[in-house]
Amino acid sequence: MRSSHLKAMSPRRRTSGDSLFPDYPSNARSFIALDAKLLPYWHLLYDLCPSLLKLDPPEGLNLFRSFMTWAYRHQPAQDWTFHISVCRWLLASDYAPRVTTAQVESLLSAAAARWVIRDTSLAQGILLACSVRPLTLIDWKNREAAQDDDIQVLPPARYDFAWSPLSRAGVAGFHRWLRIAE
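Worth saying up front: this structure is predicted, and the values here are computed from it rather than measured. (Residues numbered from 1 in each chain as written. Predicted model: local features only at pLDDT ≥ 70, side-chain atom pairs only at ≥ 80, totals over all residues. Heavy atoms only, no water.)

Student: I would appreciate a short explanation of the overall build of the protein chain in the present structure.
Tutor: When you go through the protein chain residue by residue, the secondary structure sums to 4 helices and 4 strands. Sequence-ordered secondary structure for the protein chain, helices as α and strands as β, is α-α-α-α-β-β-β-β. Across the 182 residues of the protein chain, 46% fall into the buried class. Long-range pairs, those at least 24 residues apart, make up 60% of the contacts in the protein chain with a sequence separation of at least 6. Summed over its atoms, the accessible surface of the protein chain is roughly 9,700 Å², and 54% of this surface lies on carbon and sulfur atoms. (Helix = DSSP H or I, 4+ residues; strand = E, 2+ residues; numbered from the N terminus. Buried < 20%, exposed > 50% of the residue type's maximum accessible area, 1.4 Å probe, protein only. Contact = heavy atoms within 4.5 Å. Areas by Shrake-Rupley, 256 points an atom, 1.4 Å probe, with all protein chains shown as cover.)

Shown next, in the form of structure tokens:
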């Protein structure tokens with residue numbers, strides 16, 4: 001059973017005690033061969049979103065190297081917003097013309113799943129939106145809290161990626177879109 005106390009937390013940048021993995025490697029040589037420091041990122045990316053391998057067949061190594069080079073420079077948060085950062089990068093990269101809506105949905109689903117597992121607020125669910133590829137996704141901490149609401153009645157998100165915590169009232173409790181920081 002997941003704990004649900006404290007107030008809703010907005011996405012934030014990584015802090016020293018918030019790291020899931022070691023810092024992004026600073027040694028460019030580690031991008032040539034996957035060493036132990038990079039394997040957690042490899043698995044976080046491709047295990048949760050295996051369809052990304054289709055963008056760089058057969059093993060996705062060039063895509064991974066490009067992303068890790070970008071990640072070292074930009075230091076994206078290693079919290080639930082990590083997959084949103086991957087999606088932002090991907091939609092601005094050379095791979096963008098080949099990125100499918102299903103791949104964007106896969107990245108949003110990975111972000112939502114990480115939020116569901118780690119969030120300790122009273123919120124029962126998360127609503128995510130991508131305005132670059134019009135897509136809205138809901139995930140719930142507890143399937144019993146899930147509502148059969150129509151998410152198409154929501155106002156469009158004004159940001160490239162936005163989120164909203166949901167209460168037991170489901171989408172009926174929607175207040176506003178919150179920006180997911182870069």
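Student: Looking at this structure, how should I read the environment of Leu154?
Tutor: With respect to the helices and strands, the residue Leu154 is situated in the loop between strand E2 (135–140) and strand E3 (161–166). Once the C-alpha coordinates of Leu154 and Arg176 are considered, the two residues, 22 residues apart in sequence, prove to be 9.2 Å apart. Residues within four places of Leu154 in sequence aside, it is in contact with Leu127, Val171, Phe174 and Trp177.

Student: Can you walk me through the nonpolar core in this structure?
Tutor: Formed by 43 residues in total, the largest nonpolar core has its most connected members in Leu90 and Leu128. Every element with two or more residues in this core is listed here: helix H1 (39–46), helix H2 (61–74), helix H3 (82–92), helix H4 (101–118), strand E1 (125–130), E2 and E3. Among the elements that take part in this core, H4 stands out by supplying 8 residues, more than any other. What Leu128 contacts, discounting residues up to four positions off in sequence, is Trp80, Leu108, Ala111, Ala112, Leu135, Thr136, Leu137, Ala162, Trp163, Trp177 and Ile180. Listed in part, the 10 residues of the second largest apolar core include Ala129, Ala162, Leu166 and Phe174. (Core = buried A, V, L, I, M, F, W, Y, C linked by side-chain atoms within 4.5 Å.)

Student: Can you help me understand H2 in this one?
Tutor: An α-helix turns once per 3.6 residues; consequently, residues spaced three or four apart project the same way. Between its first and last C-alpha, H2 extends 20 Å over 14 residues, near the 20 Å set by a 1.5 Å rise per residue. Of all the residues in H2, the buried ones are Leu61, Leu63, Phe64, Phe67, Met68 and Ala71. Here the buried residues of H2 occupy an arc of 150 degrees about the axis, which is enough to place them on one side. Buried residues belonging to H2 abut H1 and H3. (Expected span 1.5 Å × (residues − 1). Arc of directions from axis to C-beta.)

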